[in-house]
Amino acid sequence: MLRDAVLNKVKLVEASLAGADLWGAKLTSANLQGAQLRGADLAAAVLVTANLNGARLDECNLWGANLAGARLVGASLAGADLSGARLAPANLSQANLNGARLINAYMYGARLDGASLRGAQLAQADLSGATLTGANLAQANLQGAKLNDADLSGASLVDVLMTEANLQSASLEQADLRGAVLRQSNLTGANLRGATLVGVDLEDAVLADADLSDAVLTGARLARCNLQRARLGGAKVADARLDDADARDLHAAGAVFTGAILARANLAGAIFAGADLRNANLWGANLKEADLRGANLLGASVTPEQLADVHSDAATTWPVGVAPPDSAPSGNGSATGKTTERDHLDGAGAPAATTLVAGATAAVHTLPAATTFREHSATLFDATLSADGRLGISCDAAGLTLFWDPVTLRTLQRIAFTSEARGAALMPKSGLAIAAAACRPQGGELRVWNLRTLGEIHRIPLSQAPERLLLASDTSRSAVLAMPGELEAWSLDDRVSLWRVPLPSGPVYDAAQTPDGWRMVLASDRSLSQLDMESGRVESEFATAAGPFVAAAVSADGRWAITAGEDLVLRWWNVESGQEQSQVPLAAAPHCLALSHDGQLAAVASHEQQIYVLKMPGGGLACEWELPGTTGRTLRFAPDGRLVLGGDDHCVRIYTVKQMSNV
């Protein structure tokens, strides 16, 4: 029994004290080099300036112990409890602290270079000014820890949990932070040059004046992050999320931001000279006085208005359809000096025209990469966005329906049906979201959710498997489904069938309400029909003699309809008069159609991996785009004008129409 013993300056070199009770013992300046102390109780012990080099202290209880100035070089403290211990400025170089508990430990200025703290618990520990060069802190818990002015150069911080930590002026040069979580942490003035931050979570963190030059931030999450005056020169920020970030006066010359999300970010005065911003999402970002000289914005989601006040030069590659703010004749562009779509893709020269529709020509290009949601595992059946663009809903052939954020691409809610999901819709006026699906072994189901909370309200069992959700009526808070051989309308409030009527003519492709809300325009296999919404009775029907349609769509206000037939002809119809307005021949078989809410544009996806964008109502071709690697299966214009494509590659893609064509 050595509890409370006074053993100052005692020599116990390589002594065997495993399991000894040394609680509160005084061992100031003691020599315990190489001693075996495994499992010993040293709680509240005083080991000031003690020599514990190479000692074995695994599983020891060192709670509240005073190890100030102690030497623990190469010591093993795996699994030891050092909570509240004082280790300032102890020397723990090359020590083994794997799984150790250092909660609230005071380690100011401690030396831990080359030490292993894998899985250690360091929550609220004070490591200010500590040296951790080359240390292994993988999977450690450093929540709320103080690491300001600490040196973590070359350290391994893989999967470390470091939320709300203080890393002001810390050095993390060449450190490995893959998968680390540093939410709400303070890294003001930190040195992260050449650090690996792949997949790191820095949401709401402060990185003002931090140096991230040449760092790798692929897939990192920096939403709402403070990056004011931070340096990202030469950094790789591909596919990272910086939505709503405050990045005023950011220095990012030569950085790679391909596919990054910078929506609504404040980038005023930021320097992107020579940066690669291809396919970046800059929707709503503030680019006032930003330096984009020599930057590549091909395929970026950005408007001409956003680019009105930027600094640029002739080397800047502009998004398709966006002319440079200060366009001037250059001799290698179009006759007007404005950069053409082909200029952006292939360099100098006029667009190469390809005849696609009778009487119209347009260049064929690869569609700019879009904001892409990749959480589905089967061919998309339906996909759309809310009116404010902040919520997406999509469903697939495997029965998965997802609510998601179109900016951050986070899945907000997952709903699994037992069979194919057959359509989904958002109803902003009613505050509802709905989805329909087939169910095994027979029948189907219509589910209703609260649009604000995404909580399920109720389910409506269906006697047959629905073929398609045709219409979600905000006016009558009802849904119209295409069932085998008939249409059926359901009240979403009372959960009762309102009416059932035989299908007017063959399979149904799309439907929309007329502006008065009392009629529905139905586009089916061989005809266009108007139905009374209250009774489902067919009021009028008009058809073409050109054979069956293969795709059809109705404008959001119900005024216009478009059909595509087996004869490869697009037909525009005036719903009010029932008259065909015009015909436009196609070069490829269509698969799905969409009309914009304002009635100005139509989009057609073909079986040959192409999208045609056409002006309404005459049908003049604005542009044709190739869809590499996918065939469009569902095509919709969102209320804000963006085009939403669901493909057979299980992805939902969102395109800004202004990127796609000069219309």
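J.: Can you break down the overall build of the protein chain residue by residue, with the values?
T.: Helices and strands together make up the secondary structure of the protein chain, namely two helices and 30 strands. Relative to all contacts within the protein chain whose residues are 6 or more apart in sequence, the contacts with residues 24 or more apart total 23%. With an accessible surface of roughly 24700 Å², the protein chain has 46% of that area assigned to carbon and sulfur atoms.

J.: Account for the nonpolar core, with residues named and values stated.
T.: Counting residues in hydrophobic clusters, the biggest one holds 120 residues, and the most contacted among them are Leu 122, Leu 137, Leu 212 and Phe 257. The residues touching Phe 257, leaving out its near neighbours within four places in the chain, are Leu 232, Val 237, Ala 238, Leu 242, Ala 252, Leu 262, Phe 272, Asp 276, Leu 277, Arg 278 and Ala 280.

J.: Quick one: what's the story with the environment of Gly 24, residue by residue and with numbers?
T.: Checked against the element boundaries, Gly 24 lands in the segment before helix H1 (341-346). The sequence separation of Gly 24 and Leu 2 amounts to 22 residues, and the corresponding C-alpha distance is 8.9 Å. Each residue touching Gly 24, except ones within four places of it in the same chain, is listed here: Asp 4, Ala 43, Ala 44 and Ala 45.

J.: I'd like a rundown of the pairing of strand S29 (residues 643-647), residues and numbers included.
T.: Where burial is concerned, most of S29 is hidden: five out of the five residues are buried. Residues Leu 643, Leu 645 and Gly 647 point to one face of S29 and Val 644 and Gly 646 to the other, with burial holding for every one of them. Pairing of S29 with strand S30 (residues 652-655), which is carried by four bridges, proceeds in the antiparallel orientation. For Val 644, the partnering residue across the bridge sits in S30 and is Ile 654. Linkage of S29 to S30, two consecutive antiparallel strands, is achieved through a turn of four residues, within which His 650 is found at a positive phi near 75 degrees.

J.: Kindly report on the pairing of strand S28 (residues 632-637), identifying the contributing residues and their values.
T.: Pairing of S28 with S29 involves five bridges; the strand directions are antiparallel. Along S29, the bridge assignment pairs Arg 636 with Val 644.

J.: Please give an account of the environment of Asp 532 that cites residues and values.
T.: Considering the arrangement of structural elements, one finds Asp 532 in strand S18 (residues 527-532). On the basis of relative accessible area, Asp 532 is assigned to the buried category, the value being 17%. Remark: the alpha-carbon pair of Asp 532 and Trp 518, spanning 14 residues in sequence, is separated by 6.2 Å. Contacts of Asp 532, omitting those with residues within four sequence positions, involve Trp 518, Arg 537 and Glu 539. A distance of 2.8 Å separates a polar atom in the side chain of Asp 532 from the backbone nitrogen of Ser 535.

J.: Could you give an account of the sheet that holds S28, with specific residues and numbers?
T.: Remark on secondary structure: sheet strands pair via backbone hydrogen bonds, oriented parallel or antiparallel. The antiparallel open sheet is built from four strands, whose spatial order is S3-S30-S29-S28. Only two strands of the sheet have a single partner each, and these edge strands are strand S3 (371-373) and S28. Across the sheet, the mean angle from the axis of one strand to that of its neighbour is 20 degrees, orientation sign disregarded.

J.: If you had to explain the pattern of salt bridges to someone new, which residues and values would you point to?
T.: Here the structure, examined in full by the defined rule, presents 30 salt bridges. Residue Arg 221 pairs with Glu 203 through a salt bridge whose shortest N-O separation is 3.3 Å. A residue pair is termed long-range when its members are at least 10 positions apart, and Arg 221 in the segment before H1 and Glu 203 in the segment before H1 qualify at 18 residues. For the salt bridge of Arg 633 with Asp 648, the shortest nitrogen-to-oxygen distance reads 3.6 Å. Taken as a pair, Arg 633 in strand S28 and Asp 648 in the loop between S29 and S30 lie far apart in primary sequence, 15 residues in all. Residue Asp 648 is classed as partly exposed on the basis of its relative accessible area, which comes to 28%. Within the structure, one salt-bridge network assembled from shared partners comprises Glu 203, Asp 204, Arg 221, Arg 224 and Arg 410.

J.: Account for the packing of aromatic side chains, naming residues and giving values.
T.: Tallied over the full model, the rule gives four aromatic pairs. With centroids separated by 5.5 Å and ring planes inclined at 80 degrees, the aromatic side chains of Phe 257 and Phe 272 adopt a geometry described as edge-to-face. Of this pair, Phe 257 sits in the segment before H1 while Phe 272 sits in the segment before H1, and the two are 15 residues apart along the sequence. Where Phe 373 meets Trp 404, the ring centres are 4.3 Å apart and the plane angle is 10 degrees; that geometry is what we call stacked. Placement of Phe 373 in strand S3 and of Trp 404 in strand S6 (residues 400-404) is noted, with a sequence separation of 31 residues between them.

J.: Can you tell me about the sheet that holds strand S13 (residues 478-483), naming the residues and giving the values?
T.: Reading across from one edge, S12-S13-S14-S15 is the order of the four strands in this open sheet, with antiparallel pairing throughout. The open sheet has two edge strands with one neighbour each: strand S12 (468-473) and strand S15 (497-502). Strand-to-strand, the axes of this sheet are offset by a mean angle of 15 degrees, without reference to chain direction. Sheet analysis places S12 next to S13, joined by five bridges and oriented antiparallel. The residue bridging Leu 469 from the neighbouring strand is Leu 481, located in S13.

J.: Could you give an account of the side chain of Arg 447, with specific residues and numbers?
T.: Looking at where Arg 447 falls in the secondary structure, it is placed in strand S10 (residues 444-450). At a separation of 2.9 Å, a polar atom in the side chain of Arg 447 contacts the side chain of Glu 445.

J.: Outline unusual backbone geometry, listing residues and values.
T.: A cis amide bond, omega -10 degrees, links Ala 88 with the succeeding residue Pro 89. Tracing the backbone shows Pro 89 in the segment before H1. In this structure, Ala 44 is a non-glycine residue whose phi angle is positive, near 60 degrees. For Ala 44, the location among the structural elements is in the segment before H1. The exposure class of Ala 44 is partly exposed, given its relative accessible area of 32%. Non-glycine residue Asn 104 carries a positive phi angle of around 60 degrees. Tracing the backbone shows Asn 104 in the segment before H1.

J.: Run through the side chain of Asn 53, naming residues and quoting values.
T.: In this structure, Asn 53 sits in the segment before H1. Here Asn 53 falls in the buried class, since its relative accessible area comes to 18%. A polar atom in the side chain of Asn 53 sits 2.9 Å from the backbone nitrogen of Val 73. Other than its neighbours up to four places away in sequence, Asn 53 contacts Gln 33, Gly 34, Arg 71, Leu 72 and Val 73.

Each value, and the rule that gives it
- Residues numbered from 1 in each chain as written.
- Predicted model: local features only at pLDDT ≥ 70, side-chain atom pairs only at ≥ 80, totals over all residues.
- Heavy atoms only, no water.
- Helix = DSSP H or I, 4+ residues; strand = E, 2+ residues; numbered from the N terminus.
- Contact = heavy atoms within 4.5 Å.
- Areas by Shrake-Rupley, 256 points an atom, 1.4 Å probe, with all protein chains shown as cover.
- Core = buried A, V, L, I, M, F, W, Y, C linked by side-chain atoms within 4.5 Å.
- Buried < 20%, exposed > 50% of the residue type's maximum accessible area, 1.4 Å probe, protein only.
- Pairing = 2+ DSSP bridges.
- Polar contact = N/O pair within 3.5 Å; in protein donor to acceptor, adjacent residues only side chain to side chain.
- Axes fitted to C-alpha atoms, helices over the stretch in contact; angles between N-to-C directions.
- Salt bridge = Lys/Arg side-chain N within 4 Å of Asp/Glu carboxyl O.
- Phe/Tyr/Trp six-rings, centres within 6.5 Å; stacked < 30°, edge-to-face > 60°.

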